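Here is how the chains run, residue by residue.
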Amino acid sequence: MGDLDCKDYLKTLNKISSAIVSDLYLEDILKLIVTLTANVMKAKVCNVWLMDEKKQEFNIKATQSMHQEYLNKRTIKLDEGVVGLVAREKKPKIIFNVLKEEQYKEKELAKIEGLVSMASIPMMVKDKIIGVLNVYTNKPYKFTKAEVTLLSTIANQAAVAIEKTELIVRTKIIQEELDARKKTEKAKGILMEERNINESEAFSLIRKSSMDKRISMKEIAEAIILSYEIRQIK
């Protein structure tokens with residue numbers, strides 16, 4: 001690592017900003033963020049831990065230059081380790097040597113990966129913790145104020161991306177659910193009228209057809225509606 005280049009700083013922030021307003025999936029955005037951050041900081045490893053509010057724990061969601069087995073089984077409780085500490089205190093923690101830091105719990109992994117110094121940065125939207133961004137070096141290194149400021153900006157932009165993506169996903173799911181219900185209701189009405197059956201019987205027919213054909217009730221409803229509309233053509 002070396003002195004932070006202003007052009008690299010601005011270029012990285014612009015790329016992250018572009019990713020956030022794009023239609024990339026969250027996983028792609030996070031991968032891009034850790035890659036760009038590692039590059040601009042000339043870091044050994046960069047990773048992102050996201051908060052699971054219900055379970056009050058963190059799951060690793062994106063990293064580069066780290067063994068896959070590390071990704072498969074890692075969770076950290078809110079009251080554990082450096083990640084938990086940074087989330088609770090809502091401020092960065094800089095560690096000169098992770099092997100000598102009591103709060104750092106992954107010392108064996110650090111030895112295997114050759115991790116030495118660490119900057120752990122809270123990812124926040126307003127006052128809400130979304131996750132934690134970690135950057136590691138493979139040599140003893142003192143992170144400068146400018147570098148911590150850059151990392152905090154990146155972390156908070158990443159937090160915005162995550163909130164935005166989750167909101168879009170929630171909105172999309174809600175819209176799809178409402179659309180499915182609307183179509184199911186219309187299909188029930190058609191069956192009730194054409195077969196002279198009640199609402200419960202019409203719903204049961206749609207559900208049975210869905211299970212038999214192994215496709216969604218929405219797709220069955222759409223087929224019923226389409227068939228009905230074709231029959232109405234004169």
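Just so it is clear, the structure is predicted and the values come from calculations on it, not from any experiment.

Attention now goes to the overall build of the chain. Secondary structure summary: the chain contains 8 helices and 6 strands in total. The order of helices and strands in the chain, counted from the N terminus, is α-α-β-β-α-β-α-β-α-β-β-α-α-α. Put simply, 55% of the contacts in the chain that link residues at least 6 apart link residues at least 24 apart. Of the accessible surface of the chain, which amounts to about 14100 Å², a share of 52% is contributed by carbon and sulfur atoms.

Averaged over every residue, the pLDDT of the chain is 84; the share at 70 or more is 85%. Per-residue pLDDT, averaged within each element of the chain, yields its smallest value for helix H3 (residues 68-72) (60) and its largest for strand E4 (residues 93-95) (96).

One pass over the full model with this rule turns up 14 salt bridges. Of the charged contacts, one joins Glu57 and Lys77 as a salt bridge, the two residues approaching to 2.9 Å between their closest N and O atoms. In this pair, Glu57 is assigned in strand E2 (residues 57-64) and Lys77 in strand E3 (residues 75-77), connecting sequence segments 20 residues apart. For Lys77, a relative accessible area of 36% corresponds to the partly exposed category.

Moving on to the sheet that holds strand E1 (residues 45-52). Ordered by their spatial adjacency, 6 strands build an open sheet running E3-E2-E1-E6-E5-E4, and the pairing between neighbours is antiparallel. This sheet does not close on itself; its edge strands, each paired only once, are E3 and E4. Recorded for the sheet is a direction-independent mean angle of 25° between the axes of neighbouring strands. The pairing of E1 with E2 spans 7 bridges and is classified as antiparallel.

On to the pairing of strand E5 (residues 118-125), then. Of all the 8 residues making up E5, 8 are buried; the element is thus mostly covered by neighbouring parts of the structure. By the alternation rule, side chains of E5 split into Met118, Ser120, Pro122 and Met124 and Ala119, Ile121, Met123 and Val125, which are all buried. Relative to E5, E4 is paired through 3 bridges, and the arrangement is antiparallel. Counterpart to Ile95 in the pairing with E5 is Met118. As paired strands, E5 and strand E6 (residues 128-136) are joined by 8 bridges and run antiparallel to one another. Note that in E6 the partner of Pro122 across the bridge is Val132.

A contiguous nonpolar patch, built from Leu226, Ile230 and Ile233 and spanning about 320 Å² of accessible area, is present on the exposed surface. Here Ile233 is to be found in the segment after helix H8 (217-231). Overall, the relative accessible area of 63% leaves Ile233 in the exposed class.

Here we take up the packing of helix H7 (residues 199-213) against H8. Between H7 and H8, the least distance of the axes is 9 Å, while the angle of their chain directions is 115°. Between H7 and H8, the angle falls in the class roughly perpendicular. Of the two possible hands of crossing, H7 and H8 adopt the one that is right-handed. For the pair H7 and H8, contact is made by Phe203, Ile206, Arg207, Ser209, Ser210 and Lys213 and by Met217, Ile220 and Ile224, respectively. Here the contact of H7 with H8 is composed, by residue class, of 5 nonpolar, 2 polar and 2 charged.

What follows covers the environment of Ile162. Residue placement: Ile162 occurs in helix H6 (residues 145-195). Along the backbone, Ile162 and Leu50 are 112 residues apart, and their C-alpha atoms lie at a distance of 9.1 Å.

Rules of the game
- Within every chain, residues take consecutive numbers counted from 1 along the sequence as written.
- Given that this is a predicted model, residues contribute local features only at a pLDDT of at least 70 and side-chain atom pairs are listed and counted only at 80 or more, while totals for whole chains, interfaces and linings are drawn from all residues.
- Derived side-chain values reflect all non-hydrogen atoms in the structure, with water molecules and hydrogen atoms excluded from consideration.
- Helix numbering and strand numbering both begin at the N terminus, where a helix is a DSSP run of H or I of at least 4 residues and a strand a DSSP run of E of at least 2.
- Note on contacts: a residue pair is in contact if any heavy atoms of the two residues lie within 4.5 Å.
- Under the convention used here, a 1.4 Å probe and the Shrake-Rupley method define accessible areas, while residue burial counts only the protein chains that appear.
- As a per-residue measure, pLDDT tells how confident the predictor is, with possible values from 0 to 100.
- By salt bridge we mean one thing: a side-chain nitrogen of Lys or Arg within 4 Å of a carboxyl oxygen of Asp or Glu.
- The classification of residues rests on relative accessible area computed with a 1.4 Å probe and restricted to protein chains. Under 20% of the type maximum is buried, over 50% is exposed, and intermediate values are partly exposed.
- A pair of strands is treated as paired once DSSP finds two or more bridges between them.
- With axes taken as lines fitted to C-alpha atoms, and helix axes fitted only over the stretch in contact, angles between N-to-C directions fall between 0 and 180 degrees.
- Like charges within 9 Å and nonpolar side chains (Val, Leu, Ile, Met, Phe, Trp, Tyr) within 5 Å are joined into patches, using only residues over 30% in relative accessible area that form no salt bridge.
- Any angle between 65 and 115 degrees counts as roughly perpendicular, while under 35 counts as roughly parallel, over 145 as roughly antiparallel, and the rest as oblique.
- Put simply, a crossing is left-handed when the front helix is turned counterclockwise from the back one by less than a right angle, and right-handed when it is turned clockwise.
- Under the convention adopted here, Pro, Cys and the residues Ala, Val, Leu, Ile, Met, Phe, Trp and Tyr are nonpolar, Asp, Glu, Lys and Arg are charged, and Gly plus all remaining residues are polar.

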